[in-house]
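For reference, the chains in residue letters:
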Amino acid sequence: ALLTKRLVKNTRDIVGKSAVIPIEVGLANGAGARGENAVLPTPLTGSYQDLSVDLKYYYGTLSMTGPAMRRSAKGDKGSFGRMVDLESKGLKRMLSLMLSHDLYKGHTLAVCGTTNAATLVVLDSKANMEYFHVGMEVDIVATSGGAAITNGSARTIAAIDKVNKTITLSGSDNVTTSSSHEVVRSGTFGKCVNGLEKIVSTGDSLHGVDGGTYGVWNSTVASSSGAFTLAKLQAHIDNVVIASGKYPTVILSDFARQQKYWATLTANPRYITGSAEKLDGGFKTLEYSAGGAPIPWVADRLCPMETIFTLHEPDLQVFSPGDWDWIDVGGSVWLPDIYGATGKDVYKAVLFRDMELGCTSRISQGKMTGVTDS
């Protein structure tokens, strides 16, 4: 995931099942000029609070039949090893894709459009169809509360139309959707990390702190921005700097927004040299100079559509005790599923990671939404 590679990994501030996040909610007011030998300023309300935020739990599973395991024990280790290697790589790619999405959007894959009693589900025009794949199991739920709609629980995607932004559900049970519904990966509603769309927001609550109460706990958001222009982007970045005193360290968008920026440049665009060339996953950056240090502009196919994030990365951290690891019981990661009335001669291996995306200063983050090509 691009964000997990760029952001600071905090493995220290973990207590039990929670991350301890020091947040900036205001300026310390115990300051002022004084005369010689005068009483010093009185310490007033501090500007930081340590909040305990529960981690989210991610899992990925592999399975192997008992006969396959026994053949391996008898010497057929080559084919078994290749099989496990292929399955493990596929699982890790899927987990990376899933986590990349969640770090942007949380549990939401897409908001629904109007579907009238059909298995073909219409999605919002801003849906990023790269989030979906055939065979994915999804729930269609009410945006407020997460209750599954009729016939909307654990449905498998049978077909995807990226152009018309629809998904077709397997089976014959029809669903009826509206803009008050959304598609989520099955069983994940409310269980995913905070995504950037929730973090970079204004007026709502994050980490238990209400933006309506603490004005500095709000990001700079330019909604319904319309056609992209350099003037609009510069004005937005200026507003972020004015509000926070901090300069964005990265610009993130989909490829269409980055290409629009490319097309508006009056000089020849150039790729940044140095560290930007080392981004994993094939990411390349354009350079945007807005009066301060040059800002790398990174395009990510999994970034929400029509959105430009202007982030101050030092104030964002991935809180996690460690990276992905296998659950180990008695020295083995292959766990038998033979026990109980429904037991099968199958072994499972389970990858896990406990984590949360935390923000220590929300005011230093910004985004533009509804950014169109024309």
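Residues numbered from 1 in each chain as written. Predicted model: local features only at pLDDT ≥ 70, side-chain atom pairs only at ≥ 80, totals over all residues. Heavy atoms only, no water.

Some remarks on the sheet that holds strand β13 (residues 181-185)
Step number 1: Ordered by their spatial adjacency, six strands build an open sheet running β6-β13-β9-β10-β11-β8, and the pairing between neighbours is antiparallel. The two strands at the open ends of the sheet, each matched to only one other strand, are β6 (108-111) and β8 (120-122). Strand after strand, the sheet turns through a mean of 40° between neighbouring axes, direction not considered.
Step number 2: Bridge analysis of strand β10 (residues 155-161) against strand β11 (residues 166-169) gives four bridges, and the strand direction is antiparallel. The partner of I160 across the bridge, within β11, is I167. (Pairing = 2+ DSSP bridges. Helix = DSSP H or I, 4+ residues; strand = E, 2+ residues; numbered from the N terminus. Axes fitted to C-alpha atoms, helices over the stretch in contact; angles between N-to-C directions.)

With respect to the environment of G171
Step number 1: With respect to the element layout, G171 can be found in the loop between β11 and β12 (175-177).
Step number 2: The exposed category is assigned to G171, whose relative accessible area is 59%.
Step number 3: When the C-alpha positions of G171 and T156 are compared, they lie 8.3 Å apart, and in sequence the two are 15 residues distant.
Step number 4: Ignoring any residue separated from it by four or fewer positions in sequence, one finds G171 in contact with T119 and R155. (Buried < 20%, exposed > 50% of the residue type's maximum accessible area, 1.4 Å probe, protein only. Contact = heavy atoms within 4.5 Å.)

Digging into the packing of aromatic side chains
Step number 1: Counted by the stated rule, this structure contains four aromatic pairs.
Step number 2: Measuring from ring centre to ring centre gives 6.1 Å for F228 and W297, while their planes differ by 70°; the resulting arrangement is edge-to-face. Taken together, the residues span a long stretch of sequence, with F228 in the loop between β17 (226-227) and α5 (230-244) and W297 in strand β20 (residues 295-299) at a distance of 69 residues.
Step number 3: On the accessibility criterion, F228 (5% relative accessible area) is buried.
Step number 4: Ring geometry for Y261 against W297: centres 4.7 Å apart, planes inclined by 10°, an arrangement best described as stacked. Of the two residues, Y261 is situated in helix α6 (residues 255-264) and W297 in strand β20; the sequence distance between them amounts to 36 residues.
Step number 5: The exposure class of W297 is buried, given its relative accessible area of 0%.
Step number 6: Every member of this aromatic cluster is reached through a ring pair, and the members are F228, Y261, Y288 and W297. (Phe/Tyr/Trp six-rings, centres within 6.5 Å; stacked < 30°, edge-to-face > 60°.)

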